[in-house]
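A closer look at the structure
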Amino acid sequence: QDQTVVSGGLKQFATLKGNTALKAVLQFTPPTPSLKKLHVSAIGSICSKLSDKVLISTTQSQDIRLKKCAIKTLAAKSSTGKSKLKRRLLPVLKKLAKSKNSELRALAIEGLGDLNDKSTHAMLIKATKDADTAVIAAAAGGLRHVDNAEPILLELSTHPSSKVNAQAFRAM
């Protein structure tokens, strides 16, 4: 019963917009995996309604959930042809791609791949040698936009991680 009430509340929060709604939903700690999934969805929904300016500043947040939300939303918006936003996002993603946090590196590399900017191709190739398989998988996915990446993708298709293999095959 409590889970149903909380689930309904999270769904309601997902319809709201603005920093106040985001702060409120971030204060909640989901007690179950199913509520955690719904919680992440609510955060993403609210985040997608924030302005580009707020999203750019949110990439500097200490809260990794906010960073992830901002990066995913900005990368999606930038890949639809918003060149001004893309120019603002590139340095943010390039910096985060060098983070000590592998989750942030993977997210930044995924965003860089989605932006399909030639200035990031070397960074994507370098990320295929990362110690973390999530970063390598993100890089493999981003290589779909890189000319002559087939030899690297073929090598990644034999990687021990099935996530890396899948991304390499999709990118070929």
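These numbers were taken from a predicted model, which means no experiment stands behind them. (Residues numbered from 1 in each chain as written. Predicted model: local features only at pLDDT ≥ 70, side-chain atom pairs only at ≥ 80, totals over all residues. Heavy atoms only, no water.)

The next thing to look at is unusual backbone geometry. A positive phi angle is found at Asn116, which is not glycine, with a value near 50°. Looking at where Asn116 falls in the secondary structure, it is placed in the loop between helix 7 (102–115) and helix 8 (121–127). Unlike most non-glycine residues, Asn148 shows phi in positive territory, near 60°. Relative to the helices and strands, Asn148 resides in the loop between helix 9 (133–142) and helix 10 (150–156). (Helix = DSSP H or I, 4+ residues; strand = E, 2+ residues; numbered from the N terminus.)

Moving on: the nonpolar core. Grouped together as the largest cluster of nonpolar side chains are 51 residues, with contacts concentrated most on Leu22, Ile109 and Leu112. The greatest single-element share of this core, amounting to 7 residues, is contributed by helix 7. Leaving out residues up to four positions away in the same chain, Ile109 has contacts with Ala97, Met123, Leu124, Ala127, Val135, Ala138 and Ala139. (Core = buried A, V, L, I, M, F, W, Y, C linked by side-chain atoms within 4.5 Å. Buried < 20%, exposed > 50% of the residue type's maximum accessible area, 1.4 Å probe, protein only. Contact = heavy atoms within 4.5 Å.)

Looking at where Asn165 falls in the secondary structure, it is placed in helix 11 (residues 162–171). Looking at Asn165, its side chain comes within polar contact range of the main-chain oxygen of Ser157, at 2.9 Å. Those residues in contact with Asn165, other than ones at most four positions away along the chain, are Leu156, Ser157, Thr158 and His159. (Polar contact = N/O pair within 3.5 Å; in protein donor to acceptor, adjacent residues only side chain to side chain.)

Where helix 9 meets helix 11, the axes come as close as 8 Å, and the angle between the chain directions of the two elements is 5°. Our classification of the angle between helix 9 and helix 11 gives roughly parallel. Contact with helix 9, carried on its side by Thr133, Ile136, Ala137, Ala140 and Gly141, involves Lys163, Val164, Gln167, Ala168 and Ala171 of helix 11 and no other residues of that element. Class assignment for the residues of the contact of helix 9 with helix 11 results in 6 nonpolar, 3 polar and 1 charged. (Axes fitted to C-alpha atoms, helices over the stretch in contact; angles between N-to-C directions. Parallel < 35°, antiparallel > 145°, perpendicular 65-115°, else oblique. Nonpolar A, V, L, I, M, F, W, Y, C, P; charged D, E, K, R; others polar.)

Next up on the list: the packing of helix 5 (residues 64–78) against helix 6 (residues 83–96). For any two helices packed against each other, one specifies the inter-axial angle together with the distance between the axes. Running from amino to carboxyl end, helix 5 crosses helix 6 at an angle of 140°, the nearest separation of the two axes being 10 Å. Here helix 5 is positioned oblique relative to helix 6, judged by the angle of their axes. Helix 6 is crossed by helix 5, and the crossing has left-handed handedness. Between helix 5, through Lys67, Ile71, Leu74, Ala75, Lys77 and Ser78, and helix 6, the contact on the second element is made entirely by Leu85, Lys86, Leu89, Leu93 and Leu96. (Left-handed = near helix turned anticlockwise from the far one by under 90°.)

Note that predicted coordinates carrying low pLDDT should not be read in detail. Averaged over every residue, the pLDDT of the protein is 85; the share at 70 or more is 93%. Considering each helix and strand of the protein separately, the mean pLDDT is smallest for helix 1 (residues 2–14), with a value of 70, and largest for helix 9, with 95. (pLDDT = per-residue confidence, 0-100.)

In total, this model carries 1 disulfide according to the counting rule given. Each sulfur in the disulfide pair Cys47 and Cys69 lies 2.2 Å from the other. Here Cys47 is found in helix 3 (residues 33–47), whereas its partner Cys69 is found in helix 5, with 22 residues between them in sequence. (Disulfide = S-S within 2.5 Å.)

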